[in-house]
Amino acid sequence: MATPDYLARKPSASLIRSSISYGQSSKPAAGHSPSPSTPLFKRSLSSQFGSPSSSFRAEDDCFIYSLGSRFLHAGFMSESRPRCILAFGPGESRRAGDYRQWAPDFHTIRRRGVRGEDWGRAHELYRLDVRDVDLGLMQDKLERAIRQAQTEYFMVDSARPRKIMLAVSSALPRPLLLTALGTLFQVSHASSITLLSTSICSVVAAGLRSALVVDIGWAETIVTAVYEYREVGERRSVRAGKVLSLEMAKVLNDECARRKTQNPVERGGSSSEKADDEVSVEEAEGVLTRVGWCQDRDSARKHPSDTSSKSAAGANEVQSNRPVGAVAATEISIPLISIPLPAATPPITLRIPFNRLSSPADTALFALSTPLHDLDDHDLPLHQLVYKSLLSLPPDIRALCMARIVLTGGVSQLPGLKSRVISEVATLVRERGWDPVQSYGSVSMKLPHRHRSDHPANEDGDEPPDIAQSPQRSATLDAASISLPVPIPASQQPQEPDPVLAKLRHHSHSNADSRAPTTRGVETLGAWAGASLIAGLRVKGVVEIEKDDFAKNGLRGTGGVFGIGGVGGVGGKRGSAG
Amino acid sequence: MNWFCPNCLFEVPSSTVKSEGNRCTRNCYNCPICTAPLSVNGLHQEPSSYLTPKDAAQPSGPYFLACPYCNWTTLDIGIQFDKPHKITEQLSRTKNGGRVVSSPRDPEKQRMGSLSRDTPPTKLQEPPDTSPQEPPDSDELFSNLAAFYKNQLGEASGTDQLGVGYTEYGYGSPSNLARIMNMYGGLSYTALKKSRKKPAPMREAQDTNEGLHLVSSTSEAATIRRLRDQGWDGTTNAEQRLAIPTNNDARFTDDLRPVATLLPTKRTKRCRTCRHILAKLESKLHSTRYKIRLLALNYIPTITLRGLLDVPSSIPTALTLPSSPSTTTSAAFDYQTLSPTTPTQFLLTLRNPLFDPIRVTLATPATPSQRPAGKVTILCPQFDVGANTDVWDEALTDSTSGKDKSGRQGGVKDAGSGGASVGGEVAEAGKVWERGRNWTSVIVEVVPGTAGSRDAGREYSFGGEEVKPGDGDEEGGEDADVLEIPLFVRVEYETDAAAEDSGVVAKIGREGVEKRVKRELAYWCVLGVGRVAG
Ligand SMILES: [Zn+2]
Ligand SMILES: [Zn+2]
Ligand SMILES: [Zn+2]
């Protein structure tokens, strides 16, 4: 190589090099650059990677934002919680001088929405369907929120340029992302914004490298498979917070109506506006977040809380002799939960059986009452969604993800939901295995022959896949040994040894986990905390957008794939692409 | 820039804010239930003396924080204090229920101790009370995770055969960074290539000490049981949860922590485009005066809209805002029930705040876009408004200001007090209705549309089931019958260049010659009219 003698001839250059590099680690890079402009190149390289303190510790504090359609989380890096969580409610869009929210009776008046507006629209910053989104309005709302975060909670003293990490969903529509970035740059004097994907952040905040992230948000549930910090698969369903709160509103409306018919004394001539007197988004959401819960799998199958008549009957039955330790809440006596609704006319306090409050989750998220063939791809119930996502993954990644189901998002805070999803998925896996075909129909007779005959590990389990399978079969699903059951010749060959995987196995201290994949849920601290961790570790993100670049080029310069957190990872870095 | 606590009025310098956070670190706490300020009380104190100043007789014994409004106390969450001062410090050491917080160093020390067997942990005063049914809170998990990642990255660097000591080897060093970048999705091609040879990617966290926390159905079942037992009153609402980060995931009122008071400061407002300072308060804490106060209201005419039949009791001063018609209801004119499709005449008054006479041109859109679509006709769209001269000028030329009112009332009948305008029983097109010293009134005819003309709306269907559209937009729904008219205002006037406040135009008049500069101002605004009946 030309480099060593070049360096020998130029002591100054070698001096530079020895001063910047601690050892052999940067030598390969030097070896790859035999051009005459080597010193210059090396210098630029050194400024990028060289000194431990220069480029990564210069701006000491980095702001972390995490943006969703309902909330903005904002705070400093390396802190465990955001400094503030700001909601985009209708209260934020009042005109100056409109002081009605301070009126004493403000909370006793139910605010009617415009007919034809979707449920909860006023609480959203944006919708994924950008045809209807007023980007100017979004910009104003976002700007106000960022300003509030900065002035009231960050207390930054000057317009000193800072770095910002923004965690957004990686599939955020481009116009929305552009608006968000533009607003951030304009308001916060940021020198650069690093984009991170919320799913990757959730994985980091769970302490994992690979996981299946189930983000149950407001508008949709997004299931993202993450493998080695890369998003490798994604599926969505509209069964999420919005539908859930809509279901809760339905339950509350039903209860109100029943109550009115039961004691007609109480309704003070308000029968005419009865049709109009429905619970608002705020009320439904309040009830949902306060006393909403989710049944576990067995009791949901045993006591479908759907039918209101049944729950009303269940309210009266007393069978409280069971031990309190029983998990299923429905088995013990069902207490009545009092829910005040001061905004109803007249103000009432509903008394709802406790298990009725779990029915919205059953209906909205798991669609127990709807047969599977009635469901479209976009409104799959959560457990089906997770199962299908897992099914679509390559087997080795599937095995990793199966044992690392990370539930996040606002709705995942519903008590019981996480374990419900996981147990539902576990049951699905146990019953069906990893067979994408649900029913073979007339060919089911031939199945035992073609079904995984190529796998020695599974030869003991010859049962037809469409009936319930023995539980130990899922235990035998080895990460490396399963493949898709489509009989292609290549699959009959022994699997090629993957050096990366072998290395991972070798270095992974958790061999036992990857060997026997069980369905397991892992808690995460959420996307914001993940971004905070990433920033705290001085890890540079893949997509970093400089202010000037953004002003000049918008997002055009960020490369073909807008990969946050490493989809592809080629040419993702701003500097190299621009 | 100084911050201060609105509760104890203690000034906090910027550096302290940076190091200790944006909340008061003294004894200032707010009630997590009702946001009232909490007071420090002694446990063995007469209940009646809560309200007396506490330095009168210093109570003894354990102390607690109590809310004088809703009677919430820290005893409800099982926290009491040994000392009446340094509450923040004591609070940070206690969890709800009185348990002592294990300092974040301890788990790490334990880890280190288990790593190197020869040095046993110096003091294991932390009892292993992290019982399995007590899930670690997110702060612990976070610090565990952070420590784990640091440890992993450090460990990985330690395996490098570099002649550099462990301590000198920062995490930002080249090889390490390359590896991290590789792990996080890789970066530039060279970095990728370079780090391909590096083995040993960081592993995953494996237990709670490293930040891994599994979903446990038993703890969720416990939460559900608790929810069932405590009911609605035991749970927190969104406002309470969002009041302070530590309460973000407090589901039950038992989990709430006292809210430390947020520190405000006196903030300067700048123009959005030219960064010119528009408002600045005096920096002294107790002063509420402005150093700089440039309000747009001092430069644009104040516009008010009144029903013509509504005899004004005084000269309207406030800028009419969309919701304000309800506050100015008078017996003569009912702004709450404007009859739709009936032409109604309003009196539009512009008051000039400037010391130069202005020429005003008004315009409205041809097709109003507001919900109860109103048709608006300005009978006299172009007129002059007199200068805001000394109040005494008018008083001397006309009469006292009290008489002015009655004079103007008469002005409806005959000519206005300004004399230039022609008034009468019937409003005439092209004529100013009435004119005063620095104000001019014109007639606006409004034909309100019908409020009920909301479209039926899309049906939101889900799961094959028809769902009635819910109430979403609070504003639109609640105020769907409010009639507002957009108005374009264009103001022209001539002023002395030197009289201009800022130095921007001061150079023009430096010869000492009084130069007249023509200025123009144009903007859109919205006038609230009232609510349409029906
Ligand atoms: Zn204070
Ligand atoms: Zn209180
Ligand atoms: Zn300006």
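All values reported here derive from a predicted model rather than from experimental measurement.

Novice: Please give an account of the packing of helix α7 (residues 198-205) of chain A against helix α21 (residues 527-536) of chain A that cites residues and values.
Specialist: All names here are of chain A. Where α7 meets α21, the closest approach of the two axes is 7 Å, and the angle between their N-to-C directions is 75°. Of the possible angle classes, the one that applies to α7 and α21 is roughly perpendicular. The residues of α21 that touch α7, namely those facing Thr198, Cys201, Ser202, Val204 and Ala205, are Ala527, Ala529, Gly530, Ala531, Leu533 and Ile534. Classifying every residue of the contact of α7 with α21 by side-chain character gives eight nonpolar, three polar and no charged.

Novice: Kindly report on the environment of Asp374 of chain A, identifying the contributing residues and their values.
Specialist: All names here are of chain A. When you line up the elements, Asp374 lands in the loop between α12 (359-366) and α13 (382-391). Measuring from C-alpha to C-alpha, the distance between Asp374 and Ala426 comes to 23 Å, with 52 residues separating the pair along the chain. Only 3.3 Å separates the side chain of Asp374 from the side chain of His373, close enough to count as a polar contact.

Novice: Describe the domain arrangement of chain A, with residues and values.
Specialist: Residue and element names in this part refer to chain A. Partitioning chain A into structural domains gives domain 1 (58-88 + 124-205 + 525-574), domain 2 (207-240 + 375-436 + 517-523) and domain 3 (241-364). Contact residues are listed per partner, giving 20 residues for domain 1 and 19 residues for domain 2. Carbon and sulfur atoms make up 54% of the area that domain 1 and domain 2 hide from each other, which totals about 1,400 Å². It is Ser199, Ile200 and Val203 that lose the most area in domain 1 upon contact with domain 2, and together they represent 32% of the buried surface on that side. On the surface where domain 1 and domain 2 come into contact, there are zero salt bridges. The interface formed by domain 1 and domain 2 contains seven residue pairs in polar contact (both at pLDDT 80 or more). At seven residues, α7 tops the list of elements feeding residues into the side of domain 1 that touches domain 2. Looking at side-chain class alone, the side of domain 1 that touches domain 2 contains eight nonpolar, ten polar and two charged residues.

Novice: Quick one: what's the story with the packing of aromatic side chains, residue by residue and with numbers?
Specialist: Residues and elements named next belong to chain A. Throughout the structure, instances matching the rule amount to nine aromatic pairs over all chains. Seen from their ring centres, Phe63 and Phe154 are 4.5 Å apart, and the 40° between their planes marks the pair as tilted. In this pair, Phe63 is assigned in strand β1 (residues 62-67) and Phe154 in helix α5 (residues 135-154), connecting sequence segments 91 residues apart. The buried category is assigned to Phe63, whose relative accessible area is 1%.

What counts, and at which threshold
Residues numbered from 1 in each chain as written. Chains lettered and ligands numbered in written order. Predicted model: local features only at pLDDT ≥ 70, side-chain atom pairs only at ≥ 80, totals over all residues. Heavy atoms only, no water. Axes fitted to C-alpha atoms, helices over the stretch in contact; angles between N-to-C directions. Helix = DSSP H or I, 4+ residues; strand = E, 2+ residues; numbered from the N terminus. Parallel < 35°, antiparallel > 145°, perpendicular 65-115°, else oblique. Contact = heavy atoms within 4.5 Å. Nonpolar A, V, L, I, M, F, W, Y, C, P; charged D, E, K, R; others polar. Polar contact = N/O pair within 3.5 Å; in protein donor to acceptor, adjacent residues only side chain to side chain. Domains from an automatic or database assignment. Buried area = accessible area lost by both parts, 1.4 Å probe. Salt bridge = Lys/Arg side-chain N within 4 Å of Asp/Glu carboxyl O. Phe/Tyr/Trp six-rings, centres within 6.5 Å; stacked < 30°, edge-to-face > 60°. Buried < 20%, exposed > 50% of the residue type's maximum accessible area, 1.4 Å probe, protein only.

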